[in-house]
Amino acid sequence: MGPACWVALGSLLTLGAPLEGRLVGEGDAGFGECNRFFYAETPPAGLAAEGHVKICQRSDGAERFATLYSTRDRIPVYSAFRAPRPAPAGAEQRWLVEPQIDDPNSNFEEVTHEADAINTVDNLGSKQALNTDYLGSDYQRGQLYPFSLSSDVHTAIFTLTNAAPMTPTFQERWYLNLNSLMDRALTPQCGSGDDLYILTGAVPSDIKVRDKVTVPKFVWLAACCAAPGGGWAMGFVKHTRDGDVIEDVMVKELEKLLPFNPQLFHNNCGEAEQDTEKMKKLLEMVNQVQDEERALQSKESTSPVPRTSSPRSALLPPEASEEGTSFSRKLAGFIATPFVKLFQFIGYLVVGILKNTVYLLWYVTRQVINGIESCLYHLGSATVSYFLAIGEELASIPWKVLKVIIKIIRALLRILCCLLKVVCRILGIPVRVLVDVATFPVYTMGAIPVVCKDIATGLGGTVSLLFDTAFGTMGGLFQVVFSVFKRIGYRVSFDNSGEL
C-alpha cells in the first residue's frame, strides 16, 4: 500500500482504547518515562520556554510519544517518536483534549472528548485549541505526528495537542512527504528503524485562526539515526506557502532556523561517528522524493484533477455527511458501489502503471543526462586545467629570463662597485704616505750600517764599562784591605812601644 493510501486511512481511522496524556511537572527531569523517545534520552535543549508544557502521550498503559505544547500559540512546539510503522485499520476518529492543561485540578487523568469536558473542566480552551476553533475556517487539524506513521491504533495522535492549523492541500503534501521520507529514505538507511529518533515541530507565524490558534510559518522534521557502526542526522523544512517543496538541511542549519537556536540532539547525534556513505544514499533518495513532488505539482498545475470529496469532510463526524440521504440513494449507492470500486481499482492500476513508467523513463533519462553532464564536466575541467598549466609555463618563461638578466646585471654592478671602492680607497691615501712607503726600503738599507755601528759602539761601551767596574771594584777592595791591615799594624806597634 502506497503512502497516499496510508494518508487516506490515517484521516479516517482513530483510537480504539482509552488514551492518557500525562503532564510532566516542571520539577521532573525531561519527559519522565517518555525520555526514551529522545536520542540519549535527552530532550532538545533551548526550546522549552514560558507557557510550554511537557506531555507524555500514553495509551493502553504504554508510552507512545512525547509532545512539548505551547499554551500561548495553542500548537505543539514539537513531538518526538521512534520507529514509525504503517498504520493498521481502527475505529472512527475522535479529536480529544487534554483537560489538565486548562485545569490542573481536573479529575480527568487521561485525554477525553471535548463534549465530555465542557461542563466538568474549568476554563476549557483557555490554554489549548478546541475543535470549535477550526469550524468555519480554511484550516484543518494537521498532525505533527501523523496517524499514518503509527504502528498502533491506540496511539494518542488524535489529541489536539498534536495538531496545528494546516490547509487541506498543505496537510496532504506534508503527510505524503513524511510517508515517502520514512518508507524510502530514513527507515531503510537506519537498519530496521529501531535506532531512529524523529522530531517533528512547527514554528509559529503571525496568523491566527479565530484569533486564538497560531498558524505555523513552517513545519520541520529532524531525524537522528544511532545505528551501531555509524549513524547520521538530517533535517527537513516545509514552508506553508503553496508550491513549496520540502527542503533538506543539515541539523545545525535547521537549529539556526528555529527560535532560541536550540540543540535538537544531544552531542549532535554522535557527530564524530556519523557515516558519510549513508548520508549520500539518504540524500539521493531525498532528492528523488523532492523531484517527484515537483513533478506532481507541475502535473496538477497543468491538468488539475477534481476531487470527489473535500479533505475537510474527513474531519467531520460521519453523521453530518449522511444527513438528508434518502433510502433510494442509499440503495443505488449500495448497488453501484462494487462497480465504482472496480472502475476505481482499474483506474488506479492504469494510473499507477503509467506513473511508474513515466517515473522510470524520467529516472533513466535523468541518469543519462547526469552521466553526460558529468563526462562533459570532467572533460572540460581537464582541458581547462591542461591549457592553464601550459599557459602558466609559457607566461613564466619571459619572467624567468628577465630574472636571470636582472641577477647578471646586479652581479656586474656589485663588481663595478667594489672596483670603485678600491680606487676610491687608493685615491684617498695622502701622497706623502705613498712617498714614505716607496722610500722605506732605501732608508732601511742605508740605516743598517749606522745601526750596526751603534750596536758595536754600545757593545764596546758595555764591555769597557764592565772592565771599569771590575777594576774599580777590585781596586777599592784592595784599598780597603790595605787600610785595614795598615791600621792593625799601627795599633800593634803602638801597643809594643807602651810595654817597653
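Everything in this summary refers to the structure shown in the same document. Note that this is a predicted model, so its numbers are computed, not measured.

## Re the state of the cysteines
Move 1: Applying the stated criterion to the full structure yields three disulfides.
Move 2: Disulfide pairing places Cys34 opposite Cys56 at an S-S distance of 1.9 Å. Taking the sign of the S-S torsion, about 75 degrees here, the bridge from Cys34 to Cys56 comes out right-handed. Residue Cys34 is found in the loop between β2 (19–24) and β3 (52–59), and its partner Cys56 is found in strand β3; the two are separated by 22 residues along the sequence.
Move 3: Classification of Cys34 as buried rests on a relative accessible area of 0%.
Move 4: On the basis of relative accessible area, Cys56 is assigned to the buried category, the value being 0%.
Move 5: With its bonded cysteines labelled in order along the sequence, the chain shows the pairing 1-2, 3-5, 4-6.

## As for empty space enclosed by the protein
Move 1: Inspection of the entire model under this criterion finds one cavity of 30 Å³ or more.
Move 2: In this structure, the largest cavity encloses a volume near 30 Å³.
Move 3: Of the residues assigned to the lining of the largest cavity, the class counts are seven nonpolar, one polar and no charged.

## With respect to a positive patch on the surface
Move 1: Together, Lys400, Lys403, Lys407, Arg410 and Arg414 make up a positively charged patch on the protein surface.
Move 2: The topology assignment puts Lys407 in helix α9 (residues 327–427).

## Brief notes about the environment of Thr276
Move 1: Of note, Thr276 is situated in helix α7 (residues 276–302).
Move 2: The class of Thr276 is exposed, set by a relative accessible area of 53%.
Move 3: Measuring from C-alpha to C-alpha, the distance between Thr276 and Trp232 comes to 7.6 Å, with 44 residues separating the pair along the chain.

## A closer look at unusual backbone geometry
Move 1: One non-glycine residue with positive phi stands out, namely Phe260, at about 70 degrees.
Move 2: Assignment of secondary structure puts Phe260 in the loop between α5 (251–257) and α6 (267–270).
Move 3: Even without being a glycine, Asn261 presents a positive backbone phi close to 50 degrees.
Move 4: As for its placement among the helices and strands, Asn261 is situated in the loop between α5 and α6.
Move 5: On the accessibility criterion, Asn261 (51% relative accessible area) is exposed.

## Some thoughts on the pattern of salt bridges
Move 1: Inspection of every chain in the model, using the stated rule, returns eight salt bridges.
Move 2: In this structure, Arg184 engages Glu292 in a salt bridge whose closest nitrogen and oxygen atoms are separated by 2.6 Å. With Arg184 in helix α4 (residues 168–186) and Glu292 in helix α7, this pair connects stretches of sequence that are 108 residues apart.
Move 3: Judged by its relative accessible area of 25%, Arg184 is partly exposed.
Move 4: With a closest N to O distance of 3.1 Å, Lys252 and Glu271 form a salt bridge. Here the residue Lys252 occupies a position in helix α5, and Glu271 occupies one in the loop between α6 and α7, the gap between them amounting to 19 residues.
Move 5: Taking the relative accessible area as the measure of exposure, Lys252 reaches 41% and is therefore partly exposed.
Move 6: Glu271 sits in the partly exposed class, given a relative accessible area of 40%.
Move 7: Each of Asp291, Arg294 and Arg366 takes part in one network of salt bridges that share partners.

What counts as what
Residues numbered from 1 in each chain as written. Predicted model: local features only at pLDDT ≥ 70, side-chain atom pairs only at ≥ 80, totals over all residues. Heavy atoms only, no water. Disulfide = S-S within 2.5 Å. Helix = DSSP H or I, 4+ residues; strand = E, 2+ residues; numbered from the N terminus. Buried < 20%, exposed > 50% of the residue type's maximum accessible area, 1.4 Å probe, protein only. 1 Å grid on protein atoms, 1.4 Å probe; cavity = no way out; pocket = protein on both sides within 12 Å on 5 of 7 lines; lining within 4 Å. Points joined across faces, edges and corners; volume = space filled by probe spheres on them. Nonpolar A, V, L, I, M, F, W, Y, C, P; charged D, E, K, R; others polar. Patch = residues over 30% accessible without salt bridge, like charges linked within 9 Å, V, L, I, M, F, W, Y side chains within 5 Å. Areas by Shrake-Rupley, 256 points an atom, 1.4 Å probe, with all protein chains shown as cover. Salt bridge = Lys/Arg side-chain N within 4 Å of Asp/Glu carboxyl O. Lys, Arg positive; Asp, Glu negative; His and termini not counted. Charge placed at Lys NZ, Arg CZ, Asp CG, Glu CD.

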